[in-house]
Amino acid sequence: MRVWGTHIADELAVDLVGLLRTAGFDSTAGKIADALTWGSAGPTLTPLDAECLLRVLRTPPAGLVELRALLVMSLRDAPGAALSCIECDCVSETAPGWVAIVVEDPDGVDAAGIATYCPPCAARLLEYAPRVGVYT
Ligand SMILES: [Zn+2]
């Protein structure tokens, strides 16, 4: 089945369910167990599920190393886990009130990127008005 974008053997998925249950992550374990039971292509996992998976894969068994690597990359390095402001370099794990905008190269030469701004910079540069009540 596919878990977090990588293929893992059903036997390993069973092991994974066991690891998750042992650690108390029953919700994530249940999703994978259901996918096994119903023979679906793979569970639909949220970033929270990915976090749980990562925790039980601190020392991954052979065959789950790739899954761990993908989880680490998507949770630690991808935008969304920890945002850093392109203006002032401040960093936020939860990023309430942050603004991300897609920046496209007008000439179409470079791939579009995503620029993230902390609330003060967004307000200053983008005249972005955060949700009512967040800032007084
Ligand atoms: Zn900033």
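Remember, it's a predicted structure, so these values are computed and weren't measured experimentally.

Asker: Hey, could you run me through the overall build of the chain in this one?
Answerer: Helix and strand counts for the chain come out as five helices and six strands. Helices and strands appear in the chain in the N-to-C order β-β-α-α-α-α-β-β-β-β-α. Across the 136 residues of the chain, 32% fall into the buried class. By sequence separation, contacts in the chain at least 24 residues apart represent 45% of the contacts at least 6 residues apart. Total accessible area on the chain stands at roughly 8500 Å², and carbon and sulfur atoms take up 56% of it.

Asker: Where do I start with unusual backbone geometry in this structure?
Answerer: Negative phi characterises most residues that are not glycine, and trans characterises most peptide bonds. Phi is positive for Trp4, which is not a glycine, with a value near 55 degrees. Structurally, Trp4 is set in the loop between strand E1 (2-3) and strand E2 (6-7). Positive phi, normally seen in glycine, also occurs at Asp89, with a value near 65 degrees. Within the secondary structure layout, Asp89 lies in the loop between strand E3 (83-84) and strand E4 (91-92).

Asker: Is there a simple way to explain the coordination of the zinc ion in this structure?
Answerer: Between any two of four tetrahedral donors, the ideal angle at the metal is 109.5 degrees; between two of six octahedral donors, it is 90 or 180 degrees. Taken together, the protein donors to the zinc ion comprise Cys85 (SG), Cys88 (SG), Cys118 (SG) and Cys121 (SG), at separations of 2.2 to 2.3 Å. Coordination geometry of the zinc ion: the four donor atoms subtend angles of 104 to 114 degrees at the metal centre, consistent with an arrangement described as tetrahedral. Mapped onto the sequence, the donors of the zinc ion take the spacing C-x2-C-x29-C-x2-C. On the criterion of sequence distance, the pair formed by Cys85 in the loop between E3 and E4 and Cys118 in the loop between strand E6 (113-117) and helix H5 (119-126) is long-range, its members being 33 residues apart. Side by side, Cys85 and Cys118 carry an identical accessibility label, which is buried.

Asker: For this particular structure, what's the right way to read the environment of Ile8?
Answerer: Mapped onto the fold, Ile8 is located in the loop between E2 and helix H1 (10-23). When the C-alpha positions of Ile8 and Glu66 are compared, they lie 9.2 Å apart, and in sequence the two are 58 residues distant. Setting aside residues no more than four positions away along its own chain, Ile8 makes contact with Met1, Val3, Ala13, Leu16 and Leu64.

Asker: Teacher, can you tell me more about the packing of helix H2 (residues 26-38) against helix H3 (residues 47-56) here?
Answerer: To describe two helices that pack against each other, one gives the angle between their axes and the distance between the axes. Viewed as axis vectors pointing N to C, H2 and H3 meet at an angle of 100 degrees, and their least axial separation amounts to 9 Å. The angle between the axes of H2 and H3 places the two elements in the roughly perpendicular class. The segment H2 lies against H3, with Ser27, Thr28, Lys31 and Ile32 engaging Asp49, Cys52 and Leu53. Of the residues in the contact of H2 with H3, the class split is three nonpolar, two polar and two charged.

Asker: What is the right way to look at the nonpolar core in this model?
Answerer: Generally speaking, a soluble globular protein has its nonpolar side chains buried in company with each other. In terms of nonpolar packing, the biggest core is built from 24 residues, with Leu16, Leu20, Ile32 and Leu53 touching the most fellow members. The contact partners of Leu53, leaving out residues within four places of it in the chain, are Val3, Leu16, Leu20, Thr28, Ile32, Leu45 and Leu71. By size, the runner-up hydrophobic cluster in this structure holds ten residues, among which are Val99, Tyr117, Cys118 and Cys121.

Asker: How do you make sense of the packing of H1 against H3 when you look at a structure like this?
Answerer: Where H1 meets H3, the axes come as close as 9 Å, and the angle between the chain directions of the two elements is 95 degrees. When the axes of H1 and H3 are compared, the pair comes out roughly perpendicular. Of the residues in H3, those touching H1 at Leu16, Leu19, Leu20 and Ala23 are Cys52, Leu53 and Val56. Here the contact of H1 with H3 is built from residues that sort into seven nonpolar, no polar and no charged.

The rules behind these values
For every chain, the first residue of its written sequence is number 1, and the numbers climb from 1 along that sequence. Where totals are concerned, whole chains, interfaces and linings use all residues; where local detail is concerned, this predicted model gives features only for residues with pLDDT of at least 70, and gives and counts side-chain atom pairs only at 80 or more. To get the side-chain values, take all heavy atoms of the structure and skip hydrogens and water. Segments assigned H or I by DSSP are reported as helices when at least four residues long, segments assigned E as strands when at least two residues long, and all are numbered from the N terminus. Between buried and exposed lies partly exposed: a residue is buried under 20% and exposed over 50% of the maximum accessible area for its type, with that area taken using a 1.4 Å probe on protein chains only. Any two residues whose heavy atoms approach within 4.5 Å are treated as being in contact. Each accessible area value is a Shrake-Rupley result obtained with a 1.4 Å probe; residue values ignore everything except the protein chains displayed when judging cover. In this description, a donor is an N, O or S atom within 2.8 Å of the metal centre, a cutoff extended to 3.2 Å for sodium, potassium and calcium. Water is not part of the atom list, which can make sites seem incomplete. Sites are called tetrahedral only when four donors show all angles between 85 and 135 degrees, square planar or octahedral only when four or six donors show opposite pairs over 155 degrees and all other angles between 65 and 115, and irregular in any remaining case. Lines are fitted to the C-alpha atoms to define the axes, a helix being fitted only along its stretch in contact, and any angle between axes, read from their N-to-C directions, falls within 0 to 180 degrees. Angular relationships are summarised with four words: roughly parallel below 35 degrees, roughly antiparallel beyond 145, roughly perpendicular across 65 to 115, and oblique for the angles in between. Nonpolar residues are Ala, Val, Leu, Ile, Met, Phe, Trp, Tyr, Cys and Pro. Charged residues are Asp, Glu, Lys and Arg, and all others, Gly as well, are polar. For our purposes a nonpolar core is just a set of buried Ala, Val, Leu, Ile, Met, Phe, Trp, Tyr and Cys residues, chained together by side-chain atoms within 4.5 Å.

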